Amino acid sequence: MYAKKLELKLNNQERSKMAQCAGYARFVYNYGLSMVNQTHSITKVNKRAMRS
């Protein structure tokens, strides 16, 4: 297996668009991660309540 490195030659407008897309992807990932963590904590609390 091998990989190829490519370098994009972007102008300033394209560079800023790429940065915006990366920022939005990071936001969506963090939002989904927080939803999973909240669901996990709620499930953990419900399991404790069922044992009692």
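Refer to the structure presented above.
Computed from a prediction, not measured in an experiment: that's the story for all the values here.

Parameters and conventions
Residues numbered from 1 in each chain as written. Predicted model: local features only at pLDDT ≥ 70, side-chain atom pairs only at ≥ 80, totals over all residues. Heavy atoms only, no water. Helix = DSSP H or I, 4+ residues; strand = E, 2+ residues; numbered from the N terminus. Buried < 20%, exposed > 50% of the residue type's maximum accessible area, 1.4 Å probe, protein only. Patch = residues over 30% accessible without salt bridge, like charges linked within 9 Å, V, L, I, M, F, W, Y side chains within 5 Å. Areas by Shrake-Rupley, 256 points an atom, 1.4 Å probe, with all protein chains shown as cover. Salt bridge = Lys/Arg side-chain N within 4 Å of Asp/Glu carboxyl O. Phe/Tyr/Trp six-rings, centres within 6.5 Å; stacked < 30°, edge-to-face > 60°.

The next point concerns the overall build of the protein. For the protein, the count of helices and strands is 1 helix and 0 strands. By the burial criterion, 0% of the 52 residues in the protein qualify as buried.

This brings us to a nonpolar patch on the surface. A cluster of nonpolar side chains, contributed by Y24, F27, V28, Y31 and M35, occupies part of the molecular surface with about 570 Å² of accessible area. One can find V28 in helix α1 (residues 12–51). The exposure class assigned to V28 is partly exposed, which follows from its relative accessible area of 41%.

This next bit is on the packing of aromatic side chains. On inspection of all chains with the given rule, the structure shows 2 aromatic pairs. Members of the aromatic cluster, connected to one another through ring pairs, are Y24, F27 and Y31.

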